[in-house]
Amino acid sequence: MILHIFNNAEEIGKAVANLIIEQVNEKPDSVLGFATGASPVPTYKSLIKAYNKGKVSFKDITTFNLDEYCDLPKDDKNSYYTFMHENLFNHIDVKEENVNFLNGNAEDTDAECVRYDDLLTENKIDIQLLGVGRNGHIGFNEPSNKFTKGSFKVRLSQSTIDANSIYFDENPMPHYALTMGTVSIMKSKQIILIATGRGKADAIDGLVNGDITPSCPASVLQLHPNVHIFLDKAAASLL
Ligand code: F6R
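Trainee: Looking at this structure, how should I read the overall build of the chain?
Mentor: When helices and strands are counted, the chain shows seven helices and 10 strands. At 17 Å, the chain has a C-alpha radius of gyration in line with the 18 Å of a compact globule built from 239 residues. Burial analysis of the chain (239 residues in total) assigns 55% to the buried set. A separation threshold of at least 6 residues defines the contact pool for the chain, and within that pool the share at least 24 residues apart is 78%. Accessible surface computed for the chain: about 10,900 Å², of which carbon and sulfur atoms make up 49%. Counting 22 positive and 31 negative side-chain charges, the chain places the centres of these two groups 5 Å from one another.

Trainee: Could you clarify how one ought to interpret the site of the ligand in this entry?
Mentor: Around the ligand, the surrounding shell holds 13 residues, and the nearest of these are Ser39, Asp67, His137, Gly139 and Lys200. At 2.8 Å, a backbone N or O of Ala38 approaches an oxygen atom of the ligand. For the ligand, an oxygen atom lies 2.6 Å from a polar atom in the side chain of Lys200. Expressed as a share of its isolated accessible area of 410 Å², the protein-covered part of the ligand is 91%. Grouping the constituent residues of the shell around the ligand by class yields four nonpolar, seven polar and two charged.

Trainee: Before we go on, may I ask you to explain the environment of Ser144 in this structure?
Mentor: In this structure, Ser144 sits in the loop between strand E6 (127–130) and strand E7 (152–155). Between the alpha carbons of Ser144 and Leu32 there is a distance of 27 Å; along the sequence they are 112 residues apart. Ser144 has contacts with Pro214 and Ser215, leaving out every residue within four places of it along the chain.

Trainee: Please explain empty space enclosed by the protein as it appears in this structure.
Mentor: The method is simple in principle: a probe with the dimensions of a water molecule rolls over the atoms, and the space it marks as empty is what remains. If you walk through the whole model with that rule in mind, you get one cavity of 30 Å³ or more. In this structure, the largest cavity encloses a volume near 30 Å³. Surrounding the largest cavity, Asn141, Glu142, Ser144, Lys146, Phe147, Thr148, Thr182, Pro214 and Pro217 form its lining. Looking at the lining of the largest cavity residue by residue, the class counts come to three nonpolar, four polar and two charged.

Trainee: Teacher, can you tell me more about unusual backbone geometry here?
Mentor: Across the chain, the bulk of peptide bonds are trans and the bulk of non-glycine residues have phi less than zero. One non-glycine residue, Asp71, lies in the positive phi region at around 60°. Within the secondary structure, Asp71 is located in the loop between strand E4 (67–69) and helix H3 (80–87). You can call Asp71 exposed: its relative accessible area is 61%.

Criteria and cut-off values
- Residues numbered from 1 in each chain as written.
- Predicted model: local features only at pLDDT ≥ 70, side-chain atom pairs only at ≥ 80, totals over all residues.
- Heavy atoms only, no water.
- Helix = DSSP H or I, 4+ residues; strand = E, 2+ residues; numbered from the N terminus.
- Rg over C-alpha atoms; globule rule 2.2 N^0.38 Å.
- Buried < 20%, exposed > 50% of the residue type's maximum accessible area, 1.4 Å probe, protein only.
- Contact = heavy atoms within 4.5 Å.
- Areas by Shrake-Rupley, 256 points an atom, 1.4 Å probe, with all protein chains shown as cover.
- Lys, Arg positive; Asp, Glu negative; His and termini not counted.
- Charge placed at Lys NZ, Arg CZ, Asp CG, Glu CD.
- Near = heavy atom within 4 Å.
- Polar contact = N/O pair within 3.5 Å; in protein donor to acceptor, adjacent residues only side chain to side chain.
- Nonpolar A, V, L, I, M, F, W, Y, C, P; charged D, E, K, R; others polar.
- 1 Å grid on protein atoms, 1.4 Å probe; cavity = no way out; pocket = protein on both sides within 12 Å on 5 of 7 lines; lining within 4 Å.
- Points joined across faces, edges and corners; volume = space filled by probe spheres on them.

In structure tokens form, the structure reads like this:
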């Protein structure tokens with residue numbers, strides 16, 4: 001696990017974008033795993049800038065997103081589908097047919113999870129981008145008593161609902177989501193996790209120094225051979 005500590009989120013965004021650009025320029029048909037939330041937004045801004053300057057093309061990449069809310073229309077302003085299109089996909093040349101999401105509105109969620117896991121088996125993720133919850137979740141793998149394997153439907157924890165409900169000004173936030181499982185995330189060739197702010201310091205301490213335990217799902221990353229953790233000083237303050 002390699003730690004990179006920066007002064008602010010913008011610097012992190014540039015550094016992480018550079019790693020992704022290097023990857024895509026070396027292997028134009030890279031498979032990239034993306035996350036939503038505040039943490040990767042500066043990275044997405046830097047990727048868009050680099051694309052506009054002609055430094056990289058995403059026309060042959062394939063993408064997989066970590067998670068999606070259940071029972072929220074795909075084009076709702078708070079769906080992760082909308083988030084990714086507004087924050088990245090609409091501004092670069094990725095092909096829509098190469099963009100993959102879990103369908104949180106699938107009637108048969110078990111079949112939907114199998115469909116996604118089959119695609120992930122066929123398309124090994126080169127770089128998986130992650131944020132981390134204040135409770136140590138990665139994707140929506142919430143603290144529990146066992147590590148999860150493949151994609152599944154999860155009831156979100158109160159901590160996650162409290163953190164994310166700020167985005168839901170009109171309608172209540174969904175309490176369920178579909179998420180990639182921990183073992184699927186761990187199969188990625190490289191993992192880049194971003195965390196900023198004091199609110200993430202406990203989770204980062206657990207991730208880096210804690211026991212490997214499903215009560216802090218991010219701690220499993222200690223077992224991955226190629227993990228880069230990008231932090232600001234506040235997120236790194238307990239290390
Ligand atoms: C989002 C996701 C979550 C977030 C985490 C941190 O796709 O899977 O694990 O990465 O909740 O969210 P932010 O970055 O908003 O603090």
